[in-house]
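# Remarks on the overall topology
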Amino acid sequence: MGDDKKENITEDNFGYMEELARAYRETLTKRLTGQPALEGEKRDALATMQLELREIAKRAYKAEKREERRELSLMIAESAEECLRLLGTPNETPVEDSPAPTLPRAVVIANRSLNILIRHTREGNLLTNLVLSELSALYALAAIN
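Summary of the structure given here. (Residues numbered from 1 in each chain as written. Predicted model: local features only at pLDDT ≥ 70, side-chain atom pairs only at ≥ 80, totals over all residues. Heavy atoms only, no water.)

## Some details on the overall build of the chain
Helices and strands together make up the secondary structure of the chain, namely five helices and zero strands. Counting helices and strands in the order they occur from the N terminus, the chain gives α-α-α-α-α. By residue count, 33% of the 145 residues in the chain fall in the buried class. A separation of at least 24 residues holds for 79% of the contacts in the chain among residues at least 6 apart in sequence. Element-wise, carbon and sulfur atoms account for 53% of the exposed surface of the chain, whose accessible area totals about 9,600 Å². (Helix = DSSP H or I, 4+ residues; strand = E, 2+ residues; numbered from the N terminus. Buried < 20%, exposed > 50% of the residue type's maximum accessible area, 1.4 Å probe, protein only. Contact = heavy atoms within 4.5 Å. Areas by Shrake-Rupley, 256 points an atom, 1.4 Å probe, with all protein chains shown as cover.)

What follows is the structure, given as structure tokens:
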């Protein structure tokens, strides 16, 4: 009977370890693929803001004469495009009736995006880092101004 008990304990421990390994693999896969933790209206709101921010950045890039400002505008557009890719939003989606492309509007959009991510996603999310990158470039544009 002692050997049967040891076998059951070993099998139970092995089953637990398999379940733990499976859960770890799933978590790691989600982290590596950049799966956003956002669902529904929060995800849609973030995608809409990133689409608008991308358009503002593209317009600013075309309008800018100074190379530093053009480069920062391009960085913002690229970060927004990466956010859209991670959210599974088509990059070709047009932004309808977006306001005039202004730096203050872009800063508000990026801050709203960050607010959604901080409040509704897990820590260390790639989307959060991309939005922080956008804000950094926007603040750099303001400083150059």
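## Re the nonpolar core
Of all hydrophobic cores here, the largest spans 29 residues; its most connected members are Leu46, Leu53, Ile76, Leu117, Leu127 and Leu138. Broken down by secondary-structure element, the contributors of at least two residues to this core are α2 (40-63), α3 (67-87), α4 (103-120) and α5 (126-144). Apart from residues no more than four positions distant in its own chain, Leu53 is found in contact with Ile76, Ala106, Ile109, Ala110, Glu134 and Leu138. (Core = buried A, V, L, I, M, F, W, Y, C linked by side-chain atoms within 4.5 Å.)

## What to know about the packing of aromatic side chains
For the structure on display, the rule yields zero aromatic pairs. The ring of Tyr61 has Arg70 lying over it, and the distance from NZ or CZ to the ring centre is 4.0 Å. (Phe/Tyr/Trp six-rings, centres within 6.5 Å; stacked < 30°, edge-to-face > 60°. Lys NZ or Arg CZ within 6 Å of the ring centre and 35° of its normal.)

## Examining the packing of α2 against α3
Their axes nearest at 8 Å, the elements α2 and α3 cross at an angle of 155°. It follows that α2 is roughly antiparallel to α3 by the angle criterion. You can see that α2 and α3 cross each other, and the crossing is left-handed. Contacts from Arg43, Leu46, Ala47, Gln50, Leu51, Leu53, Arg54, Ala57, Lys58, Ala60, Tyr61 and Lys62 of α2 reach α3 at Arg70, Ser73, Leu74, Ile76, Ala77, Ser79, Ala80, Glu81, Cys83, Leu84 and Leu87. Its residues assigned to classes, the contact of α2 with α3 shows 14 nonpolar, three polar and six charged. (Axes fitted to C-alpha atoms, helices over the stretch in contact; angles between N-to-C directions. Parallel < 35°, antiparallel > 145°, perpendicular 65-115°, else oblique. Left-handed = near helix turned anticlockwise from the far one by under 90°. Nonpolar A, V, L, I, M, F, W, Y, C, P; charged D, E, K, R; others polar.)

## Focus on α4
The terminal C-alpha atoms of α4 lie 26 Å apart, and with 18 residues this matches the ideal 26 Å at 1.5 Å per residue to within 8%. Considered for burial, the residues of α4 that qualify are Ala106, Val107, Ile109, Ala110, Ser113, Leu114, Ile116 and Leu117. For α4, the secondary structure elements touched by its buried residues are α2 and α5. (Expected span 1.5 Å × (residues − 1).)

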